[in-house]
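Observations on the model geometry
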Amino acid sequence: PDQLFDLIRLNRLGEISHKSLRDLNAARHYYQLSIDKYKDPASFFGLSEIYEQEGDLQRAISLREEGLKQMTLIDNPELAKNKAKRLSELGNLYTKVNRIAEAKKAFQDALTLDPNNTIAQEELKK
């Protein structure tokens, strides 16, 4: 329980620093602590967003890929939808750097997990 609380606390401090306070250095710090200590998927995604905002798309992609590796699906539809959402976000990043085959696969994988994922549906049509 203490580790779970610490993981949630670190991720939440990263989110607050990032989204509310716009303090990217503090957000990076808390997300990185959560990653180093717990390999927290949500912190990989939060840190990825920061690098994407700053234009470092390669680092953003690497973080999203690692975050997806850390996600586990335990026969839970909500977790599957969340992973599908994250795959769609990764697909969008791949598209931005012209890695089209990888983008297509990410979108297809998203639809396998969540056939109603509209982002993946729309992107595959393009």
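All of the points below concern the structure found in this document. The residue numbers shown here count from 1 along each chain, following its written sequence. Two thresholds apply to this predicted model, a pLDDT of at least 70 for residue-level local features and 80 or more for giving and counting side-chain atom pairs, whereas whole-chain, interface and lining totals are computed over all residues. For the side-chain quantities, the full set of heavy atoms in the structure was used; hydrogens and water were omitted.

1. Observations regarding the overall build of the protein chain
Counting secondary structure elements, the protein chain contains seven helices and zero strands. The helix and strand sequence of the protein chain, counted from the amino end, reads α-α-α-α-α-α-α. Radius of gyration here uses only the C-alpha atoms, and the compact-globule reference equals 2.2 Å multiplied by the residue count raised to the power 0.38. By the compact-globule yardstick of 14 Å for 126 residues, the protein chain fits well, its C-alpha radius of gyration being 15 Å. Here's how the labels work: a residue is buried when its accessible area is under 20% of the maximum for its type, exposed when over 50%, partly exposed in between, all with a 1.4 Å probe on protein chains only. Split into buried and exposed, the 126 residues of the protein chain put 39% on the buried side. Two residues form a contact once any of their heavy atoms are found within 4.5 Å. Of the contacts formed within the protein chain by residues at least 6 apart in sequence, a portion of 43% connects residues at least 24 apart. A run of H or I in DSSP counts as a helix once it spans at least four residues, and a run of E counts as a strand once it spans at least two, with each numbered from the N terminus.

2. Describing the pattern of salt bridges
What counts as a salt bridge is simple: a side-chain nitrogen of Lys or Arg found within 4 Å of a carboxyl oxygen of Asp or Glu. Using the criterion set out here, one finds 13 salt bridges in the structure. One salt bridge connects E66 with K69, and the closest N-O pair in it is separated by 3.9 Å. You can see E66 and its partner K69 sitting in helix α4 (residues 57–70), three residues apart, about one turn around the helix. Its relative accessible area of 26% is what places E66 among the partly exposed residues. We note a salt bridge from R99 to E102, for which the minimum N-O separation is 2.6 Å. Classification of E102 as partly exposed rests on a relative accessible area of 33%. Through salt bridges that share partners, D6, R9 and K37 make up one connected network.

Taken by themselves, the reported measurements are silent on function.
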